[in-house]
Amino acid sequence: MKDSYKATWGGKAALLRDIKPGVSLFVINEHAPITDARYAGIDAGPGRTYSEWIVTSKRSPLIGSVMAQSPTHHGYICVDSLLAKERQIYTRRPDLPLLGAPEAADAYTSGARRAERMAAEQFARERSEDMSRQWAHAGR
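Keep in mind that this is a model prediction, so the values were computed, not measured.

Caption draft 1: A look at helix H2 (residues 79–86). All of the buried residues along H2 are Val-79, Asp-80, Leu-82 and Leu-83. Within H2, the buried residues cover an arc of 160° as seen down the axis, which keeps them to one side. In the stretch just after H2, Arg-87 is the one whose phi turns positive, near 75°.

Caption draft 2: Representation of the pairing of strand E3 (residues 48–59) in the model. Relative to E3, strand E2 (residues 24–30) runs antiparallel, the two being bridged by 7 bridges. Bridge pairing links Ile-28 to Tyr-50 in E3. Once E3 ends, the chain turns through 6 residues before running back antiparallel as strand E4 (residues 66–69), passing Gly-64 with a positive phi of about 75°.

Caption draft 3: Examining helix H1 (residues 9–18) more closely. Along H1, the residues classified as buried are Gly-11, Ala-14 and Leu-15. Down the axis, H1 shows its buried residues gathered within 100° of arc, on one side only. Opposite the packed face of H1, turned more than 90 degrees from it, sit the exposed residues Trp-9 and Arg-17. Residues of H1 that are buried make contact with strand E1 (4–6), E2, H2 and strand E6 (88–90).

Caption draft 4: Here's a closer look at the pattern of salt bridges. Within this structure, the stated rule accounts for 7 salt bridges. Arg-93 serves as the salt-bridge partner of Glu-52, at 3.2 Å between the closest nitrogen and oxygen. Separated by 41 residues along the polypeptide, Glu-52 in strand E3 and Arg-93 in the loop between E6 and helix H3 (110–138) bring together distant segments of the chain. A relative accessible area of 29% means that Arg-93 is categorised as partly exposed. Between Glu-86 and Lys-85 there is a salt bridge, and its shortest N-O distance comes to 3.5 Å. The class of Glu-86 is partly exposed, set by a relative accessible area of 25%.

How each quantity is defined
- In every chain, residue numbers begin from 1 and rise along the written sequence.
- This being a predicted model, a pLDDT of at least 70 is required before a residue's local features are given, and a value of 80 or more before pairs of side-chain atoms are given or counted; all residues contribute to the totals for chains, interfaces and linings.
- Derived side-chain values reflect all non-hydrogen atoms in the structure, with water molecules and hydrogen atoms excluded from consideration.
- Exposed residues in this analysis have more than 50% of their type's maximum accessible area, buried residues have under 20%, and partly exposed residues fall in between, with area computed by a 1.4 Å probe over protein chains only.
- Runs of E in the DSSP output that reach at least two residues are strands. Runs of H or I that reach at least four are helices, and both are numbered from the N terminus.
- It is the directions from the helix axis to the C-beta atoms that the arc portrays.
- A strand pair is defined by DSSP finding two or more bridges across the two strands.
- Contacts were defined at the residue level, with two residues in contact if any of their heavy atoms lie within 4.5 Å.
- Any Lys or Arg side-chain nitrogen found within 4 Å of a carboxyl oxygen on Asp or Glu counts as a salt bridge.

As structure tokens, this is what we get:
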């Protein structure tokens, strides 16, 4: 498998040829800073995060495309639709914070926030690994 796939005809064909159930796909999300004066001084969070999608053995009922499931919110999307929407998909986990990892509002210090984020990301990784094993086993 390649490290990334771009939204071109060749990239889409290569992605659909290379993926198997249980494979993790990663998307990098760009977040705009908060410019509203009412929210001045509020930490808007990181500017870049990533989302993870696990390839399943399910197919779309209308077009027959392979589906992917999110381990954070359990939603489904067609892999080719995900590629068209995000314009690039990665097969390696980026060194960025995970989008959708739970975070408590009562963590006051930066060290506590960092530790909480690391614990939330570890929990999300364990859930995604479990989901990958489940779909890889179902795809056999």
